[in-house]
Each structure stands twice: as C-alpha cells, then as structure tokens.
Amino acid sequence: MASLWRLSVLCGAQGGRALFLRIPVVRPAHVSAFLQDQPAPGWCRTQHIHLSPNHYSGSKAASLHWTGERVVSVLLLGLIPAAYLNPGSAMDYSLAAALTLHSHWGLGQVVTDYVRGDGLQRAVKAGVLALSALTFAGLCYFNYHDVGICKAVAMLWKL
C-alpha cells in the first residue's frame, strides 16, 4: 500500500508530470500507440517500430540462430559428462553431431568477423561448410568402423 501511495505522489493522478521531473510521464495509451505505429494525441518525438512479419523476419531468423547456438552449447555441457558416464553409439553420434555443429557455427562467425569482401567471404563459408561436412562424415565413419568417440577418448586418457 505504501508503494502505491509513493507511486501516486511521484506521478500525477492524470499521468501528467512527475513530481521531481520536468518531462511528462509516459502513459500506457502512448506506449500502445507507439507499438501500433500510430501517432498518439498530444505526443511529439515518436519513433516508429514496425512489428509486422515482413519487417522483422531477418531479425527473427538471427534471433532463432542465436538461440540455437546457445542450446547446442548448453547441450554440450551436459553431453560431455554423460558420454563419460554412459558411453555408447548413441552418445558417439550425438557428440559427432553436436561438436560438428558447434564448430561449424564458431568458424562461420570467425569468417563473418574477419574475412572482408562478399565474394571471398562466400568462398570461405563454402569451404567451412565442406570442412564441416567432411568432419561429420569422418566422425560418423570413425564411430561406425572403429571404437567410437567415447572409447577413443577413454583410451587416450589411459595412456
């Protein structure tokens, strides 16, 4: 109750000017008009945010890619100890897929950050894609025809 009283002291009853501020307090009607890309009555200095799908489709894809990278990173945090505790072919193939995807995305970011020029960048990204495909194929071949990733790491630790 005291916090509501303090809030009513700081903000006018009509949502007008704050007690200690010289700028008007933003009312919810202004915020909703701002997000709906409509001018609010009596409000100047508005900027427009476009929320329709055609305006944020590239940003949405980038956000989903970023989320995917985080999911794979967290998955690897749990997958590595699980592979140590429960080695098997399912773990081997899961590690092959997660490690290849994680390294592919990491190398892709290095290429994006440090390779200049559109043509050169496309060529290097194609090389990274080919390298990632060969890495995944090699790990799958190793898992199928040899001891697998988990047992290979265990054998290396025994040395």
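If you're wondering where the values come from, they're calculated on a predicted model, not measured in any experiment.

Re the nonpolar core
And step 1. Listed in full, the 9 residues of the largest apolar core are Leu76, Leu79, Ala83, Met91, Leu95, Ala96, Ala98, Ile149 and Cys150.
And step 2. In terms of residues, this core owes the most to one element, helix H4 (residues 89-114), which gives 4 residues.
And step 3. Sequence-distant contacts of Ile149, defined by excluding residues within four places in its chain, comprise Asp92, Leu95, Ala96, Leu139, Phe142 and Asn143.

A few points about a nonpolar patch on the surface
And step 1. Among the surface-exposed residues, Tyr84, Leu85, Val153, Leu156, Trp157 and Leu159 lie close enough to one another that they form a single nonpolar patch of about 800 Å² accessible area.
And step 2. Only helix H3 (53-85) and helix H6 (149-158) provide two or more residues apiece to the nonpolar patch.
And step 3. For the nonpolar patch, the element with the most residues is H6, which contributes 3 residues.
And step 4. On the secondary structure map, Val153 appears in helix H6.
And step 5. Val153 gets classed as partly exposed once you look at its relative accessible area, which sits at 33%.

Focus on the layout of surface pockets
And step 1. The computed volume of the largest pocket comes to approximately 230 Å³.
And step 2. Counting only elements with at least two residues in the lining of the largest pocket, the list comes to H3, H4 and H6.
And step 3. At 5 residues, H6 tops the list of elements feeding residues into the lining of the largest pocket.
And step 4. Of the residues assigned to the lining of the largest pocket, the class counts are 12 nonpolar, no polar and no charged.

Points about the side chain of Glu69
And step 1. Inspection of the secondary structure puts Glu69 in helix H3.
And step 2. When near neighbours in sequence (up to four residues on either side) are disregarded, Glu69 contacts Trp105 and Gln109.

Concerning the UniProt feature "binding site: a ubiquinone" (unreviewed entry) in the chain
And step 1. Per the UniProt entry, the sites bearing "binding site: a ubiquinone" (unreviewed entry) are Tyr114 in this numbering.
And step 2. Relative to the helices and strands, Tyr114 resides in helix H4.
And step 3. Of the residues examined, Tyr114 reaches a relative accessible area of 67% and is grouped as exposed.

What to know about the UniProt feature "binding site: heme b" (unreviewed entry) in the chain
And step 1. Per the UniProt record, "binding site: heme b" (unreviewed entry) is found at His102.
And step 2. For His102, the location among the structural elements is in helix H4.
And step 3. Those residues in contact with His102, other than ones at most four positions away along the chain, are Val72, Ser73 and Leu76.

As for the environment of Lys125
And step 1. By the secondary structure assignment, Lys125 is in helix H5 (residues 118-145).
And step 2. A relative accessible area of 37% places Lys125 in the partly exposed class.
And step 3. Along the primary structure Lys125 and Val115 are separated by 10 residues, whereas in three dimensions their C-alpha atoms are 9.6 Å apart.
And step 4. Look past the residues within four positions of Lys125 in its chain and what remains in contact with it is Gly108, Val111 and Thr112.

A word on the environment of Cys140
And step 1. For Cys140, the position within the fold is in helix H5.
And step 2. Here the alpha-carbon distance between Cys140 and Leu95, two residues 45 residues apart in the chain, equals 9.9 Å.

Focus on the environment of Glu69
And step 1. Classification of Glu69 by relative accessible area gives buried; the value is 12%.
And step 2. Along the sequence, Glu69 and Leu101 sit 32 residues apart, while their C-alpha atoms lie 8.8 Å from each other.

The rules behind the values
- Here, residues in each chain are numbered from 1, in the same order as that chain's written sequence.
- Only residues with pLDDT of at least 70 get local features here, since the model is predicted, and only at 80 or more are side-chain atom pairs given and counted; chain-wide, interface and lining totals rely on the full set of residues.
- With hydrogens and water stripped out, all remaining heavy atoms of the structure feed into the side-chain values.
- Only buried residues count toward a nonpolar core. Its members are Ala, Val, Leu, Ile, Met, Phe, Trp, Tyr and Cys residues joined through side-chain atoms within 4.5 Å.
- Residue burial is assigned from relative accessible area. The probe radius is 1.4 Å, only protein chains are included, and a residue is buried under 20% of its type maximum, exposed over 50%, and partly exposed in between.
- Strands are runs of DSSP state E lasting at least 2 residues, helices are runs of H or I lasting at least 4, and numbering of each runs from the N terminus.
- When checking whether two residues touch, look at their non-hydrogen atoms; a contact exists if any pair is within 4.5 Å.
- Each patch is built from residues lacking any salt bridge and having more than 30% relative accessible area; the joining distance is 9 Å for like charges and 5 Å for nonpolar side chains (Val, Leu, Ile, Met, Phe, Trp, Tyr).
- Accessible surface area values rest on a Shrake-Rupley calculation with a 1.4 Å probe, where residue burial reflects the displayed protein chains alone.
- Definition used for salt bridges: Asp or Glu carboxyl oxygen within 4 Å of a side-chain nitrogen of Lys or Arg.
- A pocket here means an open set of points on a 1 Å grid, computed over the protein atoms alone, that has protein on both sides within 12 Å along at least five of seven lines. A cavity is instead a set of points where a 1.4 Å probe fits but cannot get out; residues with an atom within 4 Å of a point line either one.
- Grid points are joined across faces, edges and corners, and a volume is the space filled by probe spheres set on the points.
- Amino acids outside the nonpolar list (Ala, Val, Leu, Ile, Met, Phe, Trp, Tyr, Cys, Pro) and the charged list (Asp, Glu, Lys, Arg) are all regarded as polar, and Gly is one of them.
- UniProt positions are given in the numbering used here, feature names are shortened, and annotations may be inferred rather than shown by experiment.

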